[in-house]
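Chain by chain, the residues:
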Amino acid sequence: MDPNGIVDEKCESRLYIGNLDQRITEAALIKMFSPFGKIVSEDFLWHTRGPKRGEPRGYAFIEFSTKEEAKLAKEKMHGRLAGGRPLVVRLASEKYMMETAENSLKAVGEANKSSGTGQLNRNAKIAAIKNKLKVLEEGGNSAKKQKPDSNISSSDTPR
């Protein structure tokens, strides 16, 4: 997408494929989408860290040679069951625009909090947790002080 918000030709011929079953391979994905036109590129995303390292992330991108082929594949494949799950197929530009709209406020907030290293963001979270604990402790102490007073006053009162 260019700075003016106009979607370029590449974005119009690139598809986002989501809700992929973990058993679907790159080869199977290409085989499913190749009847709709010439596939120029395919990006199958994998977890690179953590306990799921090396496992598929559940989505991929496929770029066709023309936007017409991409639109045909989108129409035919969206909602189709693959591995027991309905595929989510959108133009990559649609996916980008949807995510941008949903996450615009999040992104602004995170950009204000975090530095390039992300250390400030972590420190801000730690400070927030410490402040919350302090408030809880102060609230707990005042509640503890009130309970004995109320017990004393109720037990000290003659019946």
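Residues numbered from 1 in each chain as written. Predicted model: local features only at pLDDT ≥ 70, side-chain atom pairs only at ≥ 80, totals over all residues. Heavy atoms only, no water.

K.L.:
In this structure, what is going on with helix α2 (residues 26-33)? I would like to understand it.
P.N.:
Residue pairs three or four apart in sequence face the same way in an α-helix, which turns once every 3.6 residues. Along α2, the residues that are buried comprise Leu 29, Met 32 and Phe 33. The buried residues of α2 occupy an angular sector of 85 degrees when projected down its axis, which confines them to one face. Opposite the buried face of α2, at more than 90 degrees from it, the exposed residues are Ala 27 and Lys 31. The inward-facing, buried residues of α2 abut β1 (14-18), β2 (39-46), β3 (56-64), α3 (67-77), β4 (81-82) and β6 (88-91). (Buried < 20%, exposed > 50% of the residue type's maximum accessible area, 1.4 Å probe, protein only. Helix = DSSP H or I, 4+ residues; strand = E, 2+ residues; numbered from the N terminus. Arc of directions from axis to C-beta. Contact = heavy atoms within 4.5 Å.)

K.L.:
Would you mind showing me how to read the sheet that holds β6 here?
P.N.:
Strand pairing in a sheet relies on backbone hydrogen bonds. The paired strands run either parallel or antiparallel. Read from one edge to the other, the open sheet built from four strands follows the order β2-β3-β1-β6, with strand pairing classed as antiparallel. Every interior strand has two partners, whereas the edge strands, β2 and β6, have only one. Across the sheet, the mean angle separating the axes of adjacent strands is 20 degrees when strand polarity is ignored. Strand direction decides the pairing type here: β2 and β3, joined by six bridges, are antiparallel. Note on β3: the bridge partner recorded for Ser 41 is Glu 63. Strands β1, β2, β3 and β6 of the sheet are contacted by α2, whose axis makes an angle of about 145 degrees with β2. (Pairing = 2+ DSSP bridges. Axes fitted to C-alpha atoms, helices over the stretch in contact; angles between N-to-C directions.)

K.L.:
It is not clear to me how α3 should be interpreted in this structure. Could you clarify?
P.N.:
Buried within α3 we find Glu 69, Ala 70, Ala 73 and Met 77. Take α3 and look down its axis: the buried residues cluster within an arc of 100 degrees, on one side only. Within α3, the exposed residues directed more than 90 degrees away from the buried face are Glu 68 and Glu 75.

K.L.:
It is not clear to me how the pairing of β1 should be interpreted in this structure. Could you clarify?
P.N.:
For β1, a buried count of five out of five residues is recorded, marking the element as mostly surrounded by other parts of the structure. Burial of the side chains of β1 extends over both faces: Arg 14, Tyr 16 and Gly 18 are buried on one face and Leu 15 and Ile 17 on the other. Bridge count for β1 against β3 is four bridges, and the pairing is antiparallel. Each residue of the ladder has a partner; that of Tyr 16, found in β3, is Phe 61.

K.L.:
Help me out: how do you make sense of the nonpolar core in this one?
P.N.:
Considering soluble globular proteins, one finds that nonpolar side chains tend to be buried as a cluster. Leu 15, Ile 17, Leu 20, Leu 29, Phe 33, Phe 64 and Leu 87 are the most contacted members of the largest nonpolar core, which totals 19 residues. Sorting the residues of this core by element identifies β1, α2, β3, α3 and β6 as the ones contributing at least two each. Beyond its immediate chain neighbours, meaning those up to four positions away, Leu 29 contacts Ile 17, Leu 20, Ile 24, Glu 42, Phe 44, Ala 60 and Ile 62. (Core = buried A, V, L, I, M, F, W, Y, C linked by side-chain atoms within 4.5 Å.)

K.L.:
Explain the environment of Gly 18 to me, please; I cannot follow it from the model alone.
P.N.:
As for its placement among the helices and strands, Gly 18 is situated in strand β1. The exposure class of Gly 18 is buried, given its relative accessible area of 0%. Those residues within four positions of Gly 18 in sequence are excluded, and the remaining contacts are Gly 58, Tyr 59, Leu 87 and Val 88.

K.L.:
What is the right way to look at the pattern of salt bridges in this model?
P.N.:
Any two side chains of opposite charge can pair, so long as their charged atoms come close to each other. The tally for this structure, following the rule as stated, stands at three salt bridges. We note a salt bridge from Arg 14 to Asp 43, for which the minimum N-O separation is 2.8 Å. With Arg 14 in strand β1 and Asp 43 in strand β2, this residue pair connects regions lying 29 residues apart in the sequence. Judged by its relative accessible area of 32%, Asp 43 falls in the partly exposed class. (Salt bridge = Lys/Arg side-chain N within 4 Å of Asp/Glu carboxyl O.)

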